[in-house]
Structures are given as structure tokens and as C-alpha cells.
Amino acid sequence: MRIYTIMTAFMVLLLSALTAYAHGPSRQKITLTAEVAAPPEEVWAAIGNFQDMSWHPVVFSTEGEGGNEINATRVLTLGKEGGPTINELLYKYSDEKMSYSYRIEKVDVKVLPVTNYSSHLTVKPREGGGSIVEWRGAFYRGYPNNDPPEELNDEAAIAAVTGVYKAGLDALVERFGAAN
């Protein structure tokens, strides 16, 4: 009986160690919000078209197909003509709820150090007037294996996505004014 207990304990420790060693990256999630003075309908009119991301200061141009229909695509060119691109696919859209969800289909991790990225953008009424714009994302770091290089680790992915969201939300506050 004692040998059985020792063997069981050994197997549990061995499996625990192997499981810990085999663990890859964990899914990261972030949510940023901005409160703006304009009513939700006005804000949604500016950001609710999946084919037009001109409201974001980093986006030089947007080209796409499918409008706001499910499986519509867009290619964002960043910075300047000929700049890096991000290919995205729309998988959920509700004009009534003023929200849409999309995922990145293709991006160079040197541009945005993430993989398996999905995002949700929504506009909600703010108590007391104005709007709340919420931008949520879920993603894995740019390097899927253990021991990622610094520029492709969890912290780099979180910082990059946070920077993208913050720049877009700050531009909306500048455009529509901060809510009081």
C-alpha cells in the first residue's frame, strides 16, 4: 500500500510539472472606455461603419468589401500611403445596439505583436448625457511558444493594443468633447 501511495504522489508531481512546462501563452483581455459629450447616435455615425476607420489617427486609409454585413472585410493601411496593413473580418454587427465585433485575419507581428486577435467596439448612452465608447479586445501575444522575445511577449502585446485603443478613443474625445 505504501509503494502505491508513493507512486501515486510521484505521478501527480510528474504530471503537474509536465503540465506547467507545456503551458503556452494565456489569452490577454483589455477594455478601454472614453466618455464623450456627443449623443450615442452622433458618435455611432462617425465610427459605426466598418468600412471607414478614418476617425482613428493611425489609420491612413481603409479599403474593404461587404459593407457592414457579416464576413465583410477591410484592409487598414497605417501611417501613410504604402504603410503596413492589417486585414480584418467583421463577424458581428448591430446598428440597433451600436456595436460590432471583428477579428484580425492577417497582420505582421512587427506591426502589432498579437495573434488570434478579436475586438468589440460599442457606443452606449451615458447617464447624464453624452456617450460611453467601449473598445474591448482579446488576443494572444505575438510569439506563441514559451520564452518569447521581449518585443513579442504578453506585456508588448498588451501595450500595443492599449496604445491603439487609447489613440482612437482620445481622438473621439477630441472630436466630440469630453463628457462632464
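One numbering rule holds for all chains: residues counted from 1, following each sequence as written. Local features in a predicted model are, by the rule used here, given only for residues with pLDDT of at least 70; side-chain atom pairs are given and counted only at 80 or more, and totals for whole chains, interfaces and linings are based on all residues. The side-chain numbers reported here are obtained from all heavy atoms of the structure, hydrogens and water having been left aside.

(A) Examining unusual backbone geometry more closely. One non-glycine residue with positive phi stands out, namely N71, at about 75 degrees. Among the secondary structure elements, N71 is positioned in the loop between β2 (59-65) and β3 (73-78). At N116, a position not held by glycine, the phi torsion is positive, near 50 degrees. Only DSSP runs of H or I covering at least 4 residues are called helices, and only runs of E covering at least 2 are called strands; the numbering of each starts at the N terminus. Counting through the fold element by element, N116 comes out in strand β6 (residues 114-125). Burial here depends on accessible area, computed with a 1.4 Å probe over protein chains only, as a share of the maximum for the residue type. Under 20% is buried, over 50% is exposed, and the range in between is partly exposed. In this structure N116 comes out as exposed when scored by relative accessible area, which is 52%.

(B) Region of interest: the pairing of strand β7 (residues 131-141). Across the eleven residues of β7, eight count as buried, placing the element largely inside the fold. Any two strands between which DSSP finds at least two bridges are classified as paired. With nine bridges connecting them, strand β1 (residues 28-36) and β7 associate as antiparallel partners. Within the sheet, the bridge partner assigned to Q28 lies in β7 and is F139. Sheet topology places β6 next to β7; ten bridges connect them, and they run antiparallel. Residue pairing across strands places P125 opposite S131, the latter belonging to β7.

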